[in-house]
Structure formats: C-alpha cells, structure tokens
Amino acid sequence: MTLDELRVGQEARIVDITLSGAIGQRLLDMGFVEGTCVKIVRNAPLIDPIDLLVRGYHVSIRHAEAKGVEVEPL
Amino acid sequence: MSRAFTVAVAGQPNCGKSTLFNTLTGARQFVANYPGVTVEKRIGLFAHKGDRITLVDLPGTYSLTSYSLEERVARDFLLDESPDLVLNIVDASNLERNLYLTFQLVEMEFPLIVALNMMDIANGRGIDIDPSRLSDELQVPVIPTIGNRGKGKRELREAIWAMCVDKENHGSWVRVDYGEALESVIAPLEVKLSRQAHLASHFPARWLAVKLLEDDPEVRKLVTGAVAERDYRLSHSEQGKDSIDAGE
Ligand SMILES: Nc1nc2c(ncn2[C@@H]2O[C@H](COP(=O)(O)OP(=O)(O)OP(=O)(O)O)[C@@H](O)[C@H]2O)c(=O)[nH]1
Ligand SMILES: [Mg+2]
C-alpha cells in the first residue's frame, strides 16, 4: 500500500520510493529511504498536506506525493 | 600583513544559519545576487587577529544535488569559487538528517568545520551529543553553539580563523562506504575520472563518480563536456598526444 492510505496514528516502514525527479530526490534527501519508519500525525481525506513523523522530525507532504511512497504497515 | 579569506556557510533549512551568520558578522553585511538568478546572496565580514574573513550565506538546502535552484546555486558557488573553508551549520536536534548534507560536503573534499547548533533544543529533548566524539568521527572541528543566545560565538570565530590560516587545512579523510555492490562500480569509474586531468584538478574524482551514478544532469554535462574537449584537442594536436590520458 502507499503512504497516503495510512490513518492517523498508524506506523509503517518504507518499502520503496516510486516518485522520480525533484520531489523523489527531495524525499530521499530528507531520509525517506527503504526501511525507514514513518508515523502519520495528520491525514484527512482530500485535505493537503499529510503530516508525518520521520526520524524524529515533522514533515508535511501532499497526498499526490505520498502516493509515490510504498509502505508496509507495522 | 592582513590576510583575506572566504568562508561559505552551508546548512539545511531552518538549522539557524542566518542567526549564526548575524552573530558572527554583526552589522557588517550586504546583499547581492548570485550570477544570473534572483536568489539572495548575503555577505558578511568579521576581522579576527588582524585578518579579514568574508562569510557567504548559501541558500539552505537538504542536499547538494542539482534538482532545485537553491541547490544548484549553493553547489555552483562551492565549486566555482572554492572558498577557503565551508562552515556547515548542523541542527543538533535533527542530527541524522542534517549529517546527510555534512557527508556531501565531506565527499566534495572541502576544508570543513561544523557548528553544532540548537544544542539547547537537543538537550531539552534528552539528546546527548558529544561534540569531541563527533569531531573524531567526522575528522573535522565541531563547535557546539546556541545561535540565538550567542553561545559559542567566540569559539566559532577562533576555530574558523584557525582553519583559514592553517596551510595544511584540508577536508576530512572520511570516506563513505557504499557497500560491495556500489563500491565495485564506483572504484573503476573513479580511476578513469582521475585520469581526466582537467576534471580531476577541479573536482574530486570519487565525488564525480558518485554523482554520475546518481545520473546528476550537471555532472554528466561536466564530464561529457570535458571528454569532448579532450577528444577535440587530441584530434587537433600534431603529435596526436598531449598530457591528457586517452583512456575511456
Ligand atoms: N533554541 C534555539 N533556537 C535557535 C538557535 N539558533 C537559531 N534559533 C532560532 O531558530 C529559528 C530559525 O533560525 P534561522 O537563523 O532563521 O534559520 P535558517 O537556517 O537561516 O533558516 P532558513 O534560512 O529559513 O532555512 C529562529 O527563530 C532562531 O531564533 C539555537 O541554537 N537554539
Ligand atoms: Mg536563513
């Protein structure tokens, strides 16, 4: 499944980044790599952004971008 | 005699770069633009033990790829102007993410010094960082600071100056190990690139190799441009050979 499908409070492990180009690179630079754990802090359908906790800090990303992150719920 | 040095200030967004820049330079600042783009270039000065140190505040970037304008501006400044020193501001409360940029600077083999900023926030979160241990691991000076309280200012100025005047001043010897699979590709590429004399004299061959593997468009242009120029020169020199190695 992808990151945008997770509910608030859920935790998951990143399996793959399918986004390419500048946004994909930015996520990699911020530490979104295979095996990294993410926790959903805020995620409302149709309302951007999704708020995430990754490696101890908060990141906001759009649903469209979160769709490019394959995860495995923990 | 008074000497003049240039120090580039690099860091990830929101690490406290501007705060430390202001603390170090005080009111002696002016603003320009980077060539051809509207990204603001903040320049500041301070004097230490009779020498003049110019600081250039680079745009805050997570990394130094060539995907965004800010990153290209920061990277081009570093590569084109070869500053005497890079001051890397690191957010101690976000060490893991911030060190990613640090390792890119290490890989580019710049003389480097790290300001470990936001130490109060890190401590408040129960994060205990040993600056001297970090310094040993990175093989560069690490100075703890609290930018908004001016803490560490004196030590940082002294360390910047000491690095600038040190003739032996070089980058860290630390090399990132990318593991078997990648190293077996990086190593031969690095050897080939290091034989390209006019590339290797400007850029670390290993850094070029890693960037080529990332398919970095700017580095690809740089390398193909250099190879094309070599071929041109070879075909136009009478003996058909000059000092540049003709290997692939
Ligand atoms: N608690 C604490 N706050 C700090 C420290 N250093 C800077 N700040 C604060 O952190 C905020 C961001 O600092 P800036 O200097 O604007 O950060 P920057 O890296 O220039 O940010 P951008 O240019 O937006 O990327 C400001 O509110 C500063 O006052 C520090 O060591 N401790
Ligand atoms: Mg700033």
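Residues numbered from 1 in each chain as written. Chains lettered and ligands numbered in written order. Predicted model: local features only at pLDDT ≥ 70, side-chain atom pairs only at ≥ 80, totals over all residues. Heavy atoms only, no water.

### A word on the overall build of chain B
Part 1 of the argument: If you tally the helices and strands in chain B, you get 10 helices and 7 strands.
Part 2 of the argument: For a compact globule of 248 residues, the expected C-alpha radius of gyration is about 18 Å, and chain B comes in at 20 Å, within 12% of that figure.
Part 3 of the argument: Judged by the C-alpha coordinates and their principal axes, chain B covers about 65 × 45 × 35 Å.
Part 4 of the argument: Counting only residues that meet the buried cut, chain B has 49% of its 248 residues in that class.
Part 5 of the argument: Put simply, 66% of the contacts in chain B that link residues at least 6 apart link residues at least 24 apart.
Part 6 of the argument: Accessible surface for chain B amounts to roughly 12300 Å². Of this, 51% is attributable to carbon and sulfur atoms.
Part 7 of the argument: Side-chain charges in chain B split into 28 positive and 36 negative, and the spacing between the mean points of these groups amounts to 6 Å. (Helix = DSSP H or I, 4+ residues; strand = E, 2+ residues; numbered from the N terminus. Rg over C-alpha atoms; globule rule 2.2 N^0.38 Å. Buried < 20%, exposed > 50% of the residue type's maximum accessible area, 1.4 Å probe, protein only. Contact = heavy atoms within 4.5 Å. Areas by Shrake-Rupley, 256 points an atom, 1.4 Å probe, with all protein chains shown as cover. Lys, Arg positive; Asp, Glu negative; His and termini not counted. Charge placed at Lys NZ, Arg CZ, Asp CG, Glu CD.)

### Concerning the interface of chain A and chain B
Part 1 of the argument: Residue-level contacts link 9 residues of chain A with 11 residues of chain B.
Part 2 of the argument: Each partner contributes to the roughly 940 Å² buried at the junction of chain A and chain B, and carbon and sulfur atoms together form 53% of this total.
Part 3 of the argument: Linking chain A to chain B there are 1 salt bridge.
Part 4 of the argument: One salt bridge in this structure joins R55(A) and E96(B), with 2.4 Å as the shortest N-O distance.
Part 5 of the argument: The tally of links between chain A and chain B comes to 2 residue pairs in polar contact (both at pLDDT 80 or more).
Part 6 of the argument: Here the side of chain A that touches chain B gets 5 residues from one element, more than from any other, and that element is helix 1 (residues 21-29) of chain A.
Part 7 of the argument: Residue classes in the side of chain A that touches chain B are distributed as 3 nonpolar, 3 polar and 3 charged. (Buried area = accessible area lost by both parts, 1.4 Å probe. Salt bridge = Lys/Arg side-chain N within 4 Å of Asp/Glu carboxyl O. Polar contact = N/O pair within 3.5 Å; in protein donor to acceptor, adjacent residues only side chain to side chain. Nonpolar A, V, L, I, M, F, W, Y, C, P; charged D, E, K, R; others polar.)

### Some details on the packing of aromatic side chains
Residue and element names in this part refer to chain B.
Part 1 of the argument: The tally for this structure, following the rule as stated, stands at 2 aromatic pairs over all chains.
Part 2 of the argument: Here Y34 and F77 contribute two aromatic rings whose centre-to-centre distance is 6.2 Å and whose plane-to-plane angle is 80 degrees, an arrangement assigned as edge-to-face. One end of the pair, Y34, is in the loop between strand 2 (29-33) and strand 3 (40-48); the other, F77, is in helix 2 (residues 69-81), and 43 residues separate them in sequence.
Part 3 of the argument: Here Y34 falls in the buried class, since its relative accessible area comes to 4%. (Phe/Tyr/Trp six-rings, centres within 6.5 Å; stacked < 30°, edge-to-face > 60°.)

### Re the sheet that holds strand 6 (residues 112-117) of chain B
All names here are of chain B.
Part 1 of the argument: One open sheet accounts for 7 strands, arranged 2-3-4-1-5-6-7; its pairing is mixed. In the strand order of this sheet, the two ends are held by strand 2 and strand 7 (142-144), each with one partner. Direction aside, the axes of adjacent strands within the sheet are offset by 25 degrees on average.
Part 2 of the argument: As paired strands, strand 6 and strand 7 are joined by 3 bridges and run parallel to one another. Bridge assignment links A115 to a residue of strand 7, and that residue is I143. (Pairing = 2+ DSSP bridges. Axes fitted to C-alpha atoms, helices over the stretch in contact; angles between N-to-C directions.)

### Focus: the domain arrangement of chain B
Residues and elements named next belong to chain B.
Part 1 of the argument: For chain B, the assigned domains are domain 1 (4-169) and domain 2 (180-244).
Part 2 of the argument: Relative placement of domain 1 and domain 2: their C-alpha centres are 29 Å apart.
Part 3 of the argument: Counting residues at the interface gives 10 residues for domain 1, matched by 10 residues for domain 2.
Part 4 of the argument: Here domain 1 and domain 2 share an interface that buries about 880 Å² over both sides, 56% of which is from carbon and sulfur atoms. (Domains from an automatic or database assignment.)

### Concerning the site of ligand 1
Residue and element names in this part refer to chain B.
Part 1 of the argument: Taken together, 14 residues are adjacent to ligand 1, and N14, K17, S18, T19 and D120 come closest.
Part 2 of the argument: Within the contact set of ligand 1, an oxygen atom lies 2.5 Å away from a side-chain nitrogen or oxygen of T19.
Part 3 of the argument: Note that an oxygen atom of ligand 1 is positioned 3.1 Å from one of the side-chain N or O atoms of N117.
Part 4 of the argument: For ligand 1, the protein covers 67% of the area, taking 650 Å² as the surface of the free molecule.
Part 5 of the argument: With 3 residues, helix 1 (residues 17-25) is the single largest residue contributor to the shell around ligand 1. (Near = heavy atom within 4 Å.)

### Points about unusual backbone geometry
Part 1 of the argument: A cis amide bond links D48(A) to the next residue, P49(A), at an omega of -5 degrees.
Part 2 of the argument: For P49(A), the position within the fold is in strand 3 (residues 47-54).
Part 3 of the argument: Despite not being glycine, R55(A) shows a phi value in the positive range, around 50 degrees.
Part 4 of the argument: Mapping R55(A) onto the fold places it in the loop between strand 3 and strand 4 (57-61).
Part 5 of the argument: The phi angle at N14(B) is positive, at roughly 70 degrees, despite the residue not being glycine.
Part 6 of the argument: Here N14(B) is to be found in the loop between strand 1 (4-11) and helix 1.

### A few points about the nonpolar core
Residue and element names in this part refer to chain B.
Part 1 of the argument: Grouped together as the largest cluster of nonpolar side chains are 47 residues, with contacts concentrated most on L58, L78, L105, L116 and L208.
Part 2 of the argument: Both domains that meet at this core, namely domain 1 (4-169) and domain 2 (180-244), each give it at least three residues.
Part 3 of the argument: With residues near it in sequence (within four places) discarded, L105 still touches A10, L64, L78, V86, N88, F110 and L112.
Part 4 of the argument: Membership of the second largest hydrophobic core comes to 23 residues, among which are L20, I89, I113 and A115. (Core = buried A, V, L, I, M, F, W, Y, C linked by side-chain atoms within 4.5 Å.)

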